[in-house]
Amino acid sequence: MVGEGNVRSHPAELISFGRDATPLHEGSADVVALPGSTAEVAAVVQVANRRGLALIPRGAGTNLAAATVPIGGGIVMSLTRMDQVLEVNRGEMLAVVQPGVTTAELGRAADRVGLFYPPDPGSRETCTIGGNIATNAGGLRGLKYGVTRDYVLGLELVLASGETIRTGGRLIKDVAGYDLTRLIVGSEGTLGVVTEATLALRPRPEASTTGVAYFAELAHAAAAVDAILAFGVLPATLEFLDDVCIGVVEDYAGLGLRRDAGALLLFGDDGTEASARLCVEQMAEICRAGGALEITTASQIAEAEDLLAARRCTLPALARVAPITILEDVAVPRPRLVEMVEAVAEITEKLGLACGTFGHAGDGNLHPTLLLERDDKRARQAAEQAVARIFAKAIELGGTISGEHGIGLTKKPYLVDQLGADHLALLQRVKTAFDPAGILNPAKLGS
Ligand SMILES: Cc1cc2nc3c(=O)[nH]c(=O)nc-3n(C[C@H](O)[C@H](O)[C@H](O)COP(=O)(O)OP(=O)(O)OC[C@H]3O[C@@H](n4cnc5c(N)ncnc54)[C@H](O)[C@@H]3O)c2cc1C
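A brief look at the structure comes next. The structure presented is a predicted model; accordingly, all values stated were derived computationally and were not measured.

In sheet architecture, strand pairing relies on hydrogen bonds along the backbone and comes in two forms, parallel and antiparallel. Overall, antiparallel pairing links the seven strands, which are arranged β15-β12-β14-β13-β17-β18-β16 in an open sheet. Two strands close off the open sheet at either side, each with one partner strand: β15 (294–298) and β16 (324–327). Mean inter-strand twist for the sheet, computed between neighbouring axes without regard to direction, equals 15°. Strand direction decides the pairing type here: strand β17 (residues 354–360) and strand β18 (residues 365–372), joined by seven bridges, are antiparallel. By the bridge assignment for β18, Gly 359 is matched with Leu 366. In this fold helix α7 (residues 218–231) packs onto β12 (207–215), β13 (237–242) and β14 (263–271), with an angle of close to 25° to the strand it touches most, β14. Across the sheet, helix α11 (residues 314–321) is in contact with β13, β16, β17 and β18; its angle to β16 comes to roughly 140°.

Structure, rendered in structure tokens:
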């Protein structure tokens, strides 16, 4: 159905498709299919449905929740061959793309006509739009620009039955029927296979500026974030790194970051040259008043890009110092950020775990990353306890167990703690309505 050259079935070829970017989780696909068109996707899904075979849609496999791990075997469907930007329309300010286009490639295609695709996951050079839609990916610009869901106008979707439907379209306003587009966004490959997406674009900002403030403690940086937002600015970037992350990023990228600081706040804005500069100056002033040890601002776009690139490489930089990195993704209401940061420090310290924390401070979204040696059984058990306690604390503070990475296999046991049994049962009924035989990404969301 997809052409002989587009099937992988040799055990050695299947190994990488049994895993994704999540450590400690591994499954085993029976076969991998790489379709090249919607018709080929539909043909494979129809057969899977008829024979009751599991089918796991997969983009670049960069997710951090074991969302593509095929634990019960089945067909892994890699959408990476469907990698065409079909249209970029300047007048309508939208793009139509196949699911295997990377986020960065869409960004470059928009840039070529003076437009801009704001969602900006750290993995943008590798991850795909299909994966971004299925996880509702966020990123470094979430505070000002929102997340993937805010840009999805319409989808083409192959259902579990093999039928192809379209949701939404090219319209900004369209309230005909339930909003299935939004339901599919974040559904983690459990309700259908996305085969095409129509995405809203924005005018490309004229300039962007970035600054760095160093603080003695992470709590001081979090307090500065509160003060910045209370002042009434809405910056494009408000990211933080703790001392562990500053050290590993500096080792990796060699940007001259200050290693003796307890925390770093990366702040930035875009817009006209004057507005971006003003916003960054205002934020720098607020950080200074909040006790920052030192502040630097990047005047050139290239310099600003270097700083953002350094922030994006935090996870790979952490992965260089420990073979196993368990990265969590809780989010809390912004005023509770300091409490959450302090709770993570207390939990990991009590359990004797090494941890680096970074995240999207403006969104209240933290990535505490536990650093483990490969064969340390004690540390693994302690890490499980730490994760459970971190989730419980996030829920207690009115937050969520996942701000942007999704539920996958790793967070599924904790979902009921956040949603409650009735809510979870409704999700399961929605799943059954879309996929009665339960073939799409089984054992994940909705199962
Ligand atoms: C270094 C690093 C940095 C990261 N930074 C961020 C960040 O800043 N923000 C963020 O949100 N995430 C981040 N991530 C996580 C990850 O990159 C995102 O979740 C991304 O959206 C996954 O895209 P993917 O193409 O790799 O999808 P995959 O990992 O292949 O799949 C993810 C999910 O999408 C489903 N899926 C994939 N394609 C389709 C399709 N066509 N139709 C239906 N379902 C599909 C899969 O079944 C699975 O459930 C980061 C990961 C890494 C490794």
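Bringing the pairing of strand β5 (residues 85–89) into the picture now. Relative to strand β6 (residues 94–97), β5 runs antiparallel, the two being bridged by four bridges. Within β6, the position partnered with Asn 89 by the bridge is Leu 94. The hairpin turn running from β5 into β6, its antiparallel successor, is four residues long, and Met 93 in that turn takes a positive phi close to 55°.

Pairing is antiparallel in the open sheet, where five strands are placed in the order β5-β6-β10-β8-β9. The open sheet has two free edges, formed respectively by β5 and β9 (164–168), since each of these has just one partner strand. Averaged over all neighbouring strand pairs, the angle between strand axes comes to 10°, with direction disregarded. Most of the contacts of helix α3 (residues 103–112) go to β5, to which it runs at about 40°, and overall it touches β5 and β6.

Another aspect to go through is the site of the ligand. Close to the ligand lie 37 residues; Gly 59, Gly 130, Gly 131, Ala 134 and Gly 189 are nearest. For the shell around the ligand, the secondary-structure elements that each account for two or more residues are β3 (55–58), α4 (129–135), β10 (193–200) and α11. At five residues, α4 tops the list of elements feeding residues into the shell around the ligand. Grouping the amino acids of the shell around the ligand by side-chain chemistry returns 16 nonpolar, 17 polar and four charged.

Our focus in this paragraph is the pairing of β6. Here four bridges tie β6 to β10, and the two strands are oriented antiparallel to one another. The partner of Leu 94 across the bridge, within β10, is Ala 200.

Generally speaking, soluble globular proteins have nonpolar side chains that are buried together. Counting residues in hydrophobic clusters, the biggest one holds 74 residues, and the most contacted among them are Leu 264 and Leu 265. Among the elements that line this core, the one with the most residues is helix α13 (residues 377–396), at seven residues. Ignoring sequence-local partners within four residues, the contact set of Leu 264 consists of Val 212, Tyr 214, Phe 240, Leu 241, Ile 246 and Leu 257. Within the second largest apolar cluster, 47 residues are counted, among which are Val 88, Leu 115, Leu 155 and Val 194.

Quick notes on the rules
Residues numbered from 1 in each chain as written. Predicted model: local features only at pLDDT ≥ 70, side-chain atom pairs only at ≥ 80, totals over all residues. Pairing = 2+ DSSP bridges. Helix = DSSP H or I, 4+ residues; strand = E, 2+ residues; numbered from the N terminus. Axes fitted to C-alpha atoms, helices over the stretch in contact; angles between N-to-C directions. Contact = placed C-beta atoms within 7 Å. Near = placed C-beta within 6 Å. Nonpolar A, V, L, I, M, F, W, Y, C, P; charged D, E, K, R; others polar. Core = buried A, V, L, I, M, F, W, Y, C linked by C-beta atoms within 7 Å. Buried ≥ 20, exposed ≤ 12 C-beta atoms within 10 Å, placed from the backbone.

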